[in-house]
Amino acid sequence: MAGYLVSDTRKVTTHRFIEMKQRGEKISMLTSYDFTTAGIVDGAGIDGILIGDSASNVMAGNATTLPMTVDQMIYHARSVVRAVKRALVVCDMPFGSYQIDRHEGVKNAVRIMKESGCDALKLEGGVEILDTVKGILDAGIPVMAHLGLTPQSINKFGTYAVRAKEQEEADKLLSDAKALAEAGCFAVTLEKVPALLAEQVTREIPVPTIGIGAGGKCDGQILVVADMLGMTKGFSPRFLRRYANLNEVMTDAIGQYVADVKSCDFPNEEESY
């Protein structure tokens with residue numbers, strides 16, 4: 001397995017994300033929600049870790065991301081931050097924490113940063129939330145934008161299908177990306193948008209694009225860690241590549257443990273005091 005650990009152990013910052021885009025180095029990101037997983041992900045050389053509100057689905061078993069609260073996101077983020085030495089740690093602001101008004105958004109952003117210790121925040125939405133984004137940036141908090149499929153708006157759109165296939169929506173997405181980058185966002189996540197549109201956005205904005213289901217021309221990629229490790233079942237979108245089948249590995253291991261306990265094989269004399 002030699003070669004998967006990075007030799008550059010310096011802390012990754014938002015500025016380094018922009019530098020990576022400028023020199024054409026791709027950015028790798030994964031989600032994490034707990035101390036143990038985050039330590040493994042960070043140690044393997046990932047550039048960025050997102051504490052996604054996808055914890056609502058992966059960790060809590062909810063159908064959508066909407067139930068996540070600020071308190072819950074802080075809990076997960078704090079757990080991740082404790083494990084990470086190198087990666088840039090970004091935390092999602094959950095639904096309802098910034099859509100109300102600028103004051104509420106800045107207040108919650110400051111609280112998440114203070115109580116979690118993360119490096120940056122991610123917000124879903126375009127020019128509609130630009131005033132709040134500017135307020136958070138003015139408070140000294142780095143912001144990653146998120147355009148395309150925005151899961152917090154699932155009840156508005158009613159589907160998780162690819163976004164911005166029509167020209168009007170594509171034009172708005174490009175305009176939103178430019179406005180958010182100009183405002184000072186250090187990166188833009190593009191979720192489930194046509195590859196050609198993602199390539200255009202990547203070419204026309206000065207900050208990195210991080211794709212998930214947005215083709216290979218983005219400046220970086222992100223996946224949900226439980227999906228790419230094959231822990232989840234029944235979720236197989238086109239953009240997902242499974243790098244392991246931990247569901248099978250864990251099931252086999254636990255099944256063997258159950259058998260060993262039932263047969264009195266575990267613990268043996270060497271495993272007893």
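Only a predicted model underlies this, so the values are computations on that prediction, with no experimental measurement involved. (Residues numbered from 1 in each chain as written. Predicted model: local features only at pLDDT ≥ 70, side-chain atom pairs only at ≥ 80, totals over all residues. Heavy atoms only, no water.)

With respect to the overall build of the protein
And then number 1: Scanning the protein for helices and strands turns up eleven helices and eight strands.
And then number 2: By the compact-globule yardstick of 19 Å for 273 residues, the protein fits well, its C-alpha radius of gyration being 20 Å.
And then number 3: Oriented by its inertia axes, the alpha-carbon framework of the protein measures out at about 65 × 40 × 35 Å.
And then number 4: Burial statistics for the protein: of 273 residues in total, 47% are counted as buried.
And then number 5: Considering only residue pairs separated by 6 or more positions, the protein has 60% of its internal contacts joining residues 24 or more positions apart. (Helix = DSSP H or I, 4+ residues; strand = E, 2+ residues; numbered from the N terminus. Rg over C-alpha atoms; globule rule 2.2 N^0.38 Å. Buried < 20%, exposed > 50% of the residue type's maximum accessible area, 1.4 Å probe, protein only. Contact = heavy atoms within 4.5 Å.)

Some points on the packing of aromatic side chains
And then number 1: The final tally for this structure, using the stated rule, is two aromatic pairs.
And then number 2: A ring pair is formed by Phe-17 and Phe-186, whose centres lie 6.0 Å apart and whose planes are at 65°; its orientation type is edge-to-face. Remark: Phe-186 occurs in the loop between helix H8 (167-183) and strand E6 (187-191) and Phe-17 occurs in helix H1 (residues 14-22); sequence separation between them is 169 residues.
And then number 3: Under the relative-accessibility criterion, Phe-17 is labelled buried at 0%. (Phe/Tyr/Trp six-rings, centres within 6.5 Å; stacked < 30°, edge-to-face > 60°.)

Quick look at the pairing of strand E8 (residues 220-223)
And then number 1: Two strands pair when backbone bridges link them, and strand E1 (residues 27-31) and E8 are joined in this way by four bridges, in the parallel orientation. Its bridge partner lying in E8, Leu-30 is registered against Leu-223.
And then number 2: Both strand E7 (residues 209-212) and E8 contribute to a ladder of two bridges, which runs parallel. From the neighbouring strand, Gly-211 faces E8, where its bridge partner is Gln-221. (Pairing = 2+ DSSP bridges.)

Observations concerning the pattern of salt bridges
And then number 1: Counted by the stated rule, this structure contains 13 salt bridges.
And then number 2: Salt-bridge contacts for Lys-122 lead to Asp-92; the nearest nitrogen and oxygen are separated by 2.8 Å. Of this pair, Lys-122 sits in strand E4 (residues 120-124) while Asp-92 sits in strand E3 (residues 88-92), and the two are 30 residues apart along the sequence.
And then number 3: With a relative accessible area of 4%, Lys-122 lands in the buried category.
And then number 4: With a closest N to O distance of 3.0 Å, Glu-169 and Arg-163 form a salt bridge.
And then number 5: The network of salt bridges with common partners includes Asp-71, Arg-111 and Glu-115. (Salt bridge = Lys/Arg side-chain N within 4 Å of Asp/Glu carboxyl O.)

Brief notes about a negative patch on the surface
And then number 1: Taken together, Asp-265, Glu-269, Glu-270 and Glu-271 make up a surface patch of like negative charges.
And then number 2: Counting through the fold element by element, Glu-271 comes out in the segment after helix H11 (246-262). (Patch = residues over 30% accessible without salt bridge, like charges linked within 9 Å, V, L, I, M, F, W, Y side chains within 5 Å. Areas by Shrake-Rupley, 256 points an atom, 1.4 Å probe, with all protein chains shown as cover. Lys, Arg positive; Asp, Glu negative; His and termini not counted. Charge placed at Lys NZ, Arg CZ, Asp CG, Glu CD.)

Examining unusual backbone geometry
And then number 1: Cis rather than trans, the peptide bond between Phe-266 and Pro-267 has omega equal to -5°.
And then number 2: The topology assignment puts Pro-267 in the segment after H11.
And then number 3: In this structure, Lys-192 takes a positive phi of about 50° despite not being glycine.
And then number 4: Locating Lys-192 in the fold gives a position in the loop between E6 and helix H9 (195-204).
And then number 5: Residue class for Lys-192 comes out buried when judged on its relative accessible area of 19%.
And then number 6: Phi angles above zero are rare outside glycine, and Cys-264 is one such case at about 65°.
And then number 7: Mapping Cys-264 onto the fold places it in the segment after H11.

Examining the state of the cysteines
And then number 1: This model, assessed by the stated rule, comprises zero disulfides.
And then number 2: Not engaged in a disulfide, the cysteine Cys-185 finds its nearest cysteine sulfur in Cys-118; these two sulfurs lie 15 Å apart.
And then number 3: Cys-185 gets classed as buried once you look at its relative accessible area, which sits at 1%. (Disulfide = S-S within 2.5 Å.)

A look at the side chain of Ser-116
And then number 1: Looking at where Ser-116 falls in the secondary structure, it is placed in helix H5 (residues 102-116).
And then number 2: Among the polar contacts listed, one links the side chain of Ser-116 to the backbone oxygen of Ile-112, at a separation of 2.6 Å.
And then number 3: A distance of 3.1 Å separates a polar atom in the side chain of Ser-116 from the backbone nitrogen of Cys-118. (Polar contact = N/O pair within 3.5 Å; in protein donor to acceptor, adjacent residues only side chain to side chain.)

Concerning the nonpolar core
And then number 1: Leu-121, Leu-123 and Leu-190 are the most contacted members of the largest nonpolar core, which totals 62 residues.
And then number 2: It is H8 that contributes the most residues to this core, seven residues altogether.
And then number 3: In contact with Leu-121, not counting residues within four places along its chain, are Val-90, Cys-91, Met-93, Ala-109, Ile-112, Met-113, Ile-141, Pro-142, Val-143 and Met-144.
And then number 4: Within the second largest apolar cluster, 15 residues are counted, among which are Leu-50, Ala-120, Met-144 and Ala-187. (Core = buried A, V, L, I, M, F, W, Y, C linked by side-chain atoms within 4.5 Å.)

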